[in-house]
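These are the residues of each chain, in order.
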Amino acid sequence: METVIAYVSDRSDDNQRAAAGLRRVEAYYSGLWREEAVHQGHDAETVGLHVWDRRERDCLWPSWQDSGDLRVASLHAPLGYERIVGDVPLHDAPGRLARAVLQAPARFLDLAPPFTMAVLDPADERLELFTDSIGVGRLFQLRLPDGWVWSNRPVAALLFAGVAARVAERGWRYAAACGWFMGDTTPYDGVLAVPGATRIVAEGRHRRCTVSGVEISSVWSGSVDAADDTAEALRDVARSVDHLWPGRPTVDLSGGRDSRVVAAAFLSAGVDLRLNSYDAVPGELQVAEDLVGLLPFQVEHAVTPRTESAQPPQARPAPPALVSRALRWHRYADGLRPASYLFHTPPSSLSIVTHLAIGGAGGEVAHGHFYPADVLQLDTLPLEPKLRAFVSRLQSRLVAAAGPSEEARAAVSAQIEQVLRDAIHGGIENATMLDYFYLVERLRRWGTTGERSGVVSPLLIPSFVRGAFALDPAQRLENALHRDLVRRLIPEWADIPFFKPGPSGRGRAQARLRRMADAPDRDLIGELITGSELEGLEPQTVRTLWADSAAGTSSAPDEAALRQALWRASFEQHLAEINGHLPPAVRTEARSISLAAVPGPAKPPRPSSRPTVRGVRRVAQRRLIRRLARHPLWSAFRRTRIGRSWRSLSRPR
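None of these values were measured; they are calculated from a predicted model. Along each chain, residues carry numbers from 1 onward, in the same order as the chain's sequence is written. This being a predicted model, a pLDDT of at least 70 is required before a residue's local features are given, and a value of 80 or more before pairs of side-chain atoms are given or counted; all residues contribute to the totals for chains, interfaces and linings. Water and hydrogen atoms were dropped before computing side-chain values, which therefore reflect all heavy atoms in the structure.

Participant: Whenever I open this one, the pattern of salt bridges confuses me. Can you help?
Facilitator: Counted as salt bridges are all cases of a side-chain nitrogen of Lys or Arg within 4 Å of a carboxyl oxygen of Asp or Glu. Enumeration according to the criterion identifies 34 salt bridges in this entry. One salt bridge connects Arg83 with Asp236, and the closest N-O pair in it is separated by 2.5 Å. On the criterion of sequence distance, the pair formed by Arg83 in helix 2 (residues 82–85) and Asp236 in helix 7 (residues 227–244) is long-range, its members being 153 residues apart. Relative accessible area serves as the criterion here: at 48%, Arg83 is assigned to the partly exposed category. Between Arg274 and Glu300 there is a salt bridge, with the nearest N and O atoms lying 3.3 Å from each other. Of the two residues, Arg274 is situated in strand 14 (residues 274–278) and Glu300 in strand 15 (residues 300–304); the sequence distance between them amounts to 26 residues. Residue classification places Arg274 among the partly exposed residues on the basis of a relative accessible area of 26%. Helix and strand labels come from DSSP, where a helix needs a run of H or I of at least four residues and a strand needs a run of E of at least two; each type is numbered from the N terminus. Only protein chains enter the calculation, and the probe is 1.4 Å; a residue is then buried if its accessible area is under 20% of its type maximum, exposed if over 50%, and partly exposed in between.

If you want it as structure tokens, here you go:
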């Protein structure tokens, strides 16, 4: 639930405005924090830094430290920090780490993602922010006429700045086609994602903000660590986890590649742990049990049994209301979760999910996650034909077959090509450019690794990524890095093949397709997605897919497109809830520009979970008018005396 706000202002009398912004942030998130949040922060004349975190932290790394001359805010825990500052007392570690990074900023990239750090020097009115090598630890920025605001939560940045939340058409165009907000986009207009390996220096006294970044390809394709060094770096991460989280951790062990390397790192480091395996895919549990049996020491091994539904189809629970569920997801995740979560129940608060989760995210970069079946043949083509082939394969894999408009498809295709060309400019000319795309685009934006504290992904460490990038595509397909690391960490496991599921997958009957039109609020869903023009989606196609869903003839890709349509349509009500916390003048301005009749009281109550068609539909149907309303000429007219008179007459009474 950690939430950070950092800002710099050209004005030296902004403390009152900052205080009002902090109150808005707390008013909005109070229902999600559930009285669990503790606020700490400091405001200098032109810069400020604030953080909210749980009263009782599971992790011992302080999210806030006042070290006298510096204030340090941390998001997540800097696993492997001992390599930079040594084994120092935890109460002093954030300050020492901050000073080491300020002296040698490149050292920050040695830490395991996700990790984001902000350092405030009040005397010098200087604020510095750092993102990890991949950008998994989230940081977003909002540019203001007289300064900047940064936060790990886009809504918090908007509320603190007192800026109305509006739809980012470019971001939603990407999301309509591939399911995530590509590049630097977010769901919110004006709020951009800060990339990985970035350092921001804001000097309030000098009214200067400098952004510098390390060329990503140089971080991952530089000097390759020896395999023994990578194995030791993984052990260091395991020791950091053991040091920072009290109690005995649980590490999952399946028959696959990534979990085996992670479990081997923890066991090799001597961490007292509990292994857990899932009896989900026939045959995989046996591989895990064989691995445990080969260990030269005893370790507790629990098995989570397979859950089979004993209920007949007619006894299954009724499908949930989906519009309110989409709205709850937007509220919980600041609009950043993909539409694939629609049929999952969102947590009721940001403080309810706190357990330590140790996983293998990032291991995909060492086994060609985005490789097409003919990757080795394509890799022999000349560079330009190879690039076009890879763009085509990625677009076919990522872009939904039904629903996205031609404009959205073209936008995703252009972004894919741009990222692959960035890889080429960094010296990557073989199929490794697909792994570059995976790290730059997919991993840091899609996954939930950076959403909360307590999610540990050892395979995100830079030395592992460098080792993966040093492989050729054929070696990745053979899992060469995984095999080498397992051999060095737990030699007894080296000769056990990685488990591969059979052609029948899970060995169970295919799950019944969950159709949107089966939801109890189907009438409301139909109104929202068929009566609106939604960014990146073809209106007639959406109407046809909805009719097929109602008739029971839709396919799984059809339903995925409908989920995306509802995800976008319900987002309008989410914006209305955010804007209800803004000052009346800003709220009126937002209502006038978007033509949304969504009034809100000065101190809004906890948002209702029941959206209305009227509040959502009136916005989305008038896309052209929204664009005109944002035009500079229209803004200039509204500031004239005639424009102000017209505006006063147009306000709802």
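Having seen it, we continue.
Participant: Even after reading the chapter, I still don't get the packing of aromatic side chains, so can you show me in this structure?
Facilitator: The relation between two aromatic rings is expressed through the spacing of the ring centres and the mutual angle of the planes. We call Phe, Tyr and Trp rings a pair once their centres come within 6.5 Å, taking the six-membered ring for Trp, and we label the pair stacked below 30 degrees between planes, edge-to-face above 60, and tilted otherwise. As enumerated under the stated definition, the model contains 15 aromatic pairs in all. Taking 5.5 Å as the distance between ring centres and 25° as the angle between the ring planes, the aromatic pair formed by Phe108 and Phe115 counts as stacked. Here the two residues Phe108 and Phe115 agree in accessibility, since each one is buried. An aromatic cluster is present here, built from Tyr28, Tyr29, Trp33 and Trp52 joined pairwise through their rings.

Participant: What am I meant to see in the environment of Arg170 here?
Facilitator: Topologically, Arg170 is positioned in helix 5 (residues 169–178). On the basis of relative accessible area, Arg170 is assigned to the partly exposed category, the value being 40%. Separated by 17 residues in sequence, Arg170 and Pro187 have C-alpha atoms that sit 8.7 Å apart. Note on definitions: a residue-residue contact is assigned when non-hydrogen atoms from the two residues lie within 4.5 Å. Leaving out residues up to four positions away in the same chain, Arg170 has contacts with Asp184, Thr185 and Leu192. Polar contact is the term for a pair of N or O atoms within 3.5 Å; when the atoms are in protein, one must be able to donate a hydrogen and the other to accept it, and sequence-neighboring residues count only if both atoms are side-chain atoms. Within polar-contact distance, the side chain of Arg170 engages the side chain of Asp184 at 2.7 Å.

Participant: Looking at this structure, I do not really get helix 5. What am I missing?
Facilitator: Note: α-helices contain 3.6 residues per turn, so residues at a spacing of three or four share the same orientation. Of all 10 residues in helix 5, 9 are buried; the element is thus mostly enclosed. Every buried residue belonging to helix 5 is among Glu169, Gly171, Trp172, Arg173, Tyr174, Ala175, Ala176, Ala177 and Cys178, and all of these are buried. The first or second residue beyond helix 5 is Gly179, which carries a positive phi of 100°.

Participant: Before we go on, may I ask you to explain the confidence of the model for the protein chain in this structure?
Facilitator: Caution applies to low-pLDDT regions: their predicted coordinates should not be interpreted in detail. You can read pLDDT as the predictor saying how much it trusts each residue, on a scale of 0 to 100. Across the protein chain, pLDDT averages 87, with 85% of residues at or above 70. Considering only residues more than four positions removed or in separate chains, one finds that residues 631–637, a stretch of pLDDT under 50, has 6 contacts. Overall, residues 639–653 carries pLDDT values under 50, and its contacts beyond four positions in sequence, including any with other chains, amount to 11 contacts.

Participant: What am I meant to see in helix 13 (residues 406–425) here?
Facilitator: One less than the residue count of a helix, multiplied by 1.5 Å, gives the span that helix is expected to have. Taking 1.5 Å per residue, 20 residues should reach 28 Å; helix 13 reaches 28 Å between its end C-alpha atoms and fits that length. For helix 13, the set of buried residues is Ala408, Arg409, Val412, Ser413, Gln415, Ile416, Val419, Leu420, Ala423 and Ile424. In the segment just after helix 13, Gly427 is the residue with positive phi, at about 95°.

Participant: Quick question: what am I supposed to make of the sheet that holds strand 4 (residues 64–66) here?
Facilitator: Pairing between the strands of a sheet is mediated by backbone hydrogen bonds and can be parallel or antiparallel. Judged by pairing direction, the sheet is antiparallel, and its 6 strands sit side by side in the order 4-5-6-7-11-12 without closing on themselves. The outermost strands of the open sheet, each flanked by one partner alone, are strand 4 and strand 12 (208–213). Adjacent strand axes in the sheet meet at a mean angle of 10°, parallel and antiparallel pairs treated alike. Where strand 7 (residues 126–131) lies against strand 11 (residues 198–203), 5 bridges are found, and the strand directions are antiparallel. Paired strands, as defined in this entry, are two strands with at least two bridges between them according to DSSP. Each axis is a line fitted through C-alpha atoms, taken for helices only over the stretch in contact, and angles between the N-to-C directions span 0 to 180 degrees.

Participant: I keep staring at the environment of Arg199 and nothing clicks. Help me out?
Facilitator: Within the secondary structure, Arg199 sits in strand 11. Sequence-wise, Arg199 and Thr210 are 11 residues apart; in three dimensions their C-alpha atoms are separated by 8.2 Å.

Participant: Whenever I open this one, the nonpolar core confuses me. Can you help?
Facilitator: One broad trend across soluble globular proteins is that nonpolar side chains are buried collectively. Core analysis: the biggest nonpolar cluster contains 109 residues, and Trp61, Met117, Trp220, Phe437 and Trp493 have the highest contact counts within it. At 8 residues, the largest contribution of residues to this core is made by helix 14 (residues 432–446). Among the nonpolar cores identified, the runner-up in size contains 66 residues, and Ile5, Leu322, Trp329 and Leu350 belong to it. By nonpolar core is meant a set of buried Ala, Val, Leu, Ile, Met, Phe, Trp, Tyr and Cys residues that side-chain atoms within 4.5 Å join together.

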